[in-house]
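Analysis of the macromolecular model
Next come the chains, spelled out residue by residue.
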Amino acid sequence: MDSYKLLITGGIPLMGETYVSGGKNTSVAVIPATLLSDDPCTIENLPDIEDVRVLVDILRGLGAKVEYDPRARRMTVDPRKVTAFHVPYKQSQRMRASYYLLGALLGRCGQAEVGYPGGCTIGNRPVDQHLKAFRALGAEVEDRGAMLSAKGKMVGAGVFFDKITVGGTINAMLAAAKAEGNTILYNAAKEPHIVDLANFLNSMGAKVKGAGTDTIRITGKAHLHGSTYTVIPDQIETGTLMIAAAATRGDVLIRGCIPTHMEALSAKLLEMGVQVSDMDDAIRVRTVRGHRAVNIKTQEYPGFPTDLQQPMSALLTMANGDSIVIETIFESRFKHLNEMQRMGARVRILDQTAIIEGVSELYGAPVTATDLRAGAALVVAGLMAKGTTEIYEPGFIERGYEHIEEKLRSLGADIRREPV
Ligand code: EPZ
């Protein structure tokens, strides 16, 4: 149970400017990749979030020298003294992306023992495709329930993913970067953070081509050198801020983002009647009329991101008409809707489909965050609702959004913490 709750008094239009932090899902892939280098690497623009801090502990536990300055958003990792390859369960359980240490350690030394990952309870989240890739590259893999162990010299191979998987694609890239020979990943994920990882690996002297398409070709390199790299801004934080601006009928300029990463969301907001204006590295979102109901179907990138389904469904609770939301990526990603029903939302859920009937008002109520993006959705709903919403277990939100309370307060939101 978190020691504090969030209190939000809604109905205030968000106005002004804010900025986007570095990407969570890219950072948690790039940081483990530093283990593939023969020399120190420096990563810039890292978000000051729990998941990054967990990785600092894990890398130090492996013997890496890590200097991390959260305020400067900079981390330098010196992997030269890393000889260990075991990540204990109590550490790996603290986040989902701990499983990237499997690919990074296999790529570094041909051996890895990593406790099962944690992460948001949004579905079964198997890792069979990760293990399939490791085996194809020459590893013997053992799934011991709480621990995953893999051992073997990495040799380039073809890997056809039975299912498009972001984590599986990233783990295969990490394991293949220093393999002997060429690897081709077929049916690969195309998310922006896959491209960001490829760019980081290439800045270390790796040879990764085709990232961002469904076929990634990797020529293994025996040695990778140090690099200084700046991770891309967070696509999902950008989208969450866009949705919050629309939800409060505000007028917000979001700086430091990449508009082309936001096209699926921008198109949906425009369809609702929200004004979205793209600039080079900023997006302005404002509302001048009521919101039309729209239908959402989550898809792998460049489709509508599953991570924005939850905040978006909060926005849809007050649209004019019925919206249909189909979640195709995870089996259990509608829990936030049950919480919002306590705020007056009208929702019917049938398997992977939610029908959201627009209402004219939401009311503040006590609600509980069940995962990171559910927490974000409840913040959006709280910003929309009349009266005060109490959000319990807000720690989930801290995992993926840097200083989100300060950012929203700087836009005029009435959001504060209170001890529980
Ligand atoms: C990453 O999770 C993200 N997490 C998720 O963001 C994001 O929702 C997801 O990609 C999809 O974009 C991180 O990057 C740390 P997947 P991941 O492997 O890698 C199934 C957030 O809120 N699958 O693309 O776990 C899986 O069950 C988090 O920031 C297999 O069946 O997602 C799911 O149904 C939540 N076998 C689908 O594929 C496998 O071996 C997509 O999963 C792997 C995945």
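Residues numbered from 1 in each chain as written. Predicted model: local features only at pLDDT ≥ 70, side-chain atom pairs only at ≥ 80, totals over all residues. Heavy atoms only, no water.

Next up on the list: the pattern of salt bridges. With the rule as written, the count across this model stands at 27 salt bridges. Across the salt bridge formed by Asp51 and Lys24, the nearest N and O atoms sit 3.9 Å from each other. Of this pair, Asp51 sits in helix α2 (residues 50-61) while Lys24 is found in helix α1 (residues 24-33), placing the two residues 27 residues apart along the sequence. Judged by relative accessible area, Lys24 falls into the buried class, the value being 9%. Across the salt bridge formed by Arg284 and Asp251, the nearest N and O atoms sit 2.6 Å from each other. Here Arg284, found in strand β17 (residues 282-287), pairs with Asp251, found in strand β15 (residues 251-255); they are 33 residues apart in sequence, far enough to count as distant. Residues joined in a network through salt bridges with shared partners are Asp48, Glu50, Arg53, Asp57 and Arg94. (Salt bridge = Lys/Arg side-chain N within 4 Å of Asp/Glu carboxyl O. Helix = DSSP H or I, 4+ residues; strand = E, 2+ residues; numbered from the N terminus. Buried < 20%, exposed > 50% of the residue type's maximum accessible area, 1.4 Å probe, protein only.)

Taken together, 23 residues surround the ligand, and among them Gln129, Thr165, Val166, Asp307 and Ile329 come closest. Between the ligand and Asp128, the relevant distance is 2.8 Å, taken from a nitrogen atom to a side-chain nitrogen or oxygen of the residue. Gly167 has a polar backbone atom sitting 2.8 Å from an oxygen atom of the ligand. Calculation on the ligand without its partners gives an accessible area of 820 Å², and the protein chains cover 93% of this total. Sorting the residues of the shell around the ligand by element identifies α1, α5 (128-136), α6 (166-176), α10 (306-316) and α12 (372-384) as the ones contributing at least two each. By residue number, the principal contributor to the shell around the ligand is α5, which donates 3 residues. Residue classes in the shell around the ligand are distributed as 9 nonpolar, 6 polar and 8 charged. (Near = heavy atom within 4 Å. Polar contact = N/O pair within 3.5 Å; in protein donor to acceptor, adjacent residues only side chain to side chain. Areas by Shrake-Rupley, 256 points an atom, 1.4 Å probe, with all protein chains shown as cover. Nonpolar A, V, L, I, M, F, W, Y, C, P; charged D, E, K, R; others polar.)

Looking at chain direction, strand β16 (residues 274-278) and β17 are connected through 5 bridges and run antiparallel. The residue bridging Ser277 from the neighbouring strand is Arg284, located in β17. Connecting β16 to the antiparallel partner β17 that follows it, the hairpin turn spans 3 residues. (Pairing = 2+ DSSP bridges.)

What follows is about unusual backbone geometry. In this structure, the amide linkage connecting Tyr301 to the following residue, Pro302, adopts the cis form with an omega of 10°. Topologically, Pro302 is positioned in the loop between β18 (296-297) and α10. Here the phi dihedral of Asn187 falls at roughly 60°; this positive angle occurs in a residue that is not glycine. When you line up the elements, Asn187 lands in the loop between β11 (182-186) and α7 (192-203). Using a relative accessible area of 21% as the deciding quantity, one classes Asn187 as partly exposed. At Asp351, a position not held by glycine, the phi torsion is positive, near 55°. Take Asp351: it is sitting in the loop between β20 (346-350) and β21 (353-357).

Counting buried residues in strand β5 (residues 74-78) gives 4 out of 5 residues, a clear majority hidden from the surface. Bridging between strand β3 (residues 41-44) and β5 involves 3 bridges; their strand directions are antiparallel. In the strand pairing of β5, Thr42 is matched with Thr76. Sheet topology note: the strand β4 (residues 65-69)/β5 ladder contains 5 bridges and is antiparallel. Looking at β5, one finds that Val66 is bridged to Val77.

With that settled, the discussion passes to the sheet that holds strand β12 (residues 207-209). The mixed open sheet is built from 4 strands, whose spatial order is β10-β11-β13-β12. One side of each edge strand has no neighbouring strand; the edge strands of this open sheet are β10 (158-160) and β12. Strand after strand, the sheet turns through a mean of 15° between neighbouring axes, direction not considered. Two strands pair when backbone bridges link them, and β12 and strand β13 (residues 215-219) are joined in this way by 3 bridges, in the antiparallel orientation. Considered in β13, the bridge of Val208 is made with Ile218. (Axes fitted to C-alpha atoms, helices over the stretch in contact; angles between N-to-C directions.)

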